[in-house]
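What follows is the residue order along each chain.
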Amino acid sequence: AKFKGIGQFSEGGLFNDIDHSFMLTACDGGKPDVDDTFRVKIWSTADSSPVYDNVMGADESSYIGTVIRGGNIQIRQPKKTKKKSKGSKESKKINSPFHV
């Protein structure tokens, strides 16, 4: 699973005005004896200069990451929600496309 976005760093509770892009990549090895991996990449949105990358130099389209030694990553399809009746005033539940 990949998740990309843009944000700002908080220093002492104050946000700076510099936008940074980020990408999180989580890979489920699929079996208990196959390694799960995780990658975090942060860069300056303005000039693409790297701020942090735990797999420096790897292509963004790759799923290369650092092996998780403790814990477990499980990536699942979202659960299907039951349809509400027309008169229902309950809010609609939105499922994320992945769970990490």
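Our structure is the block above this text.
## So, the packing of aromatic side chains
By the definition in use, this model includes one aromatic pair. Centroid distance Phe3 to Phe22: 5.9 Å. Interplanar angle 40°. Geometry classified as tilted. Of this pair, Phe3 sits in strand E1 (residues 2-7) while Phe22 is found in strand E4 (residues 20-27), placing the two residues 19 residues apart along the sequence. Here the guanidinium or amino end of Lys2 rests over the ring plane of Tyr63, the centre of that ring lying 4.4 Å away. In this arrangement the basic side chain of Lys41 is found over the ring face of Trp43, its NZ or CZ atom lying 5.2 Å from the centre.

## Re the pairing of E4
Here E4 lies mainly inside the structure; six of its eight residues are buried. Two elements, E1 and E4, share six bridges in a ladder whose sense is antiparallel. Bridge assignment links Gly5 to a residue of E4, and that residue is Phe22. Bridge analysis of E4 against strand E5 (residues 37-44) gives eight bridges, and the strand direction is antiparallel. By the bridge assignment for E5, Phe22 is matched with Ile42.

About the criteria used
Residues numbered from 1 in each chain as written. Predicted model: local features only at pLDDT ≥ 70, side-chain atom pairs only at ≥ 80, totals over all residues. Heavy atoms only, no water. Phe/Tyr/Trp six-rings, centres within 6.5 Å; stacked < 30°, edge-to-face > 60°. Helix = DSSP H or I, 4+ residues; strand = E, 2+ residues; numbered from the N terminus. Lys NZ or Arg CZ within 6 Å of the ring centre and 35° of its normal. Buried < 20%, exposed > 50% of the residue type's maximum accessible area, 1.4 Å probe, protein only. Pairing = 2+ DSSP bridges.

The quantities given are spatial measurements derived from coordinates; they are silent on function.
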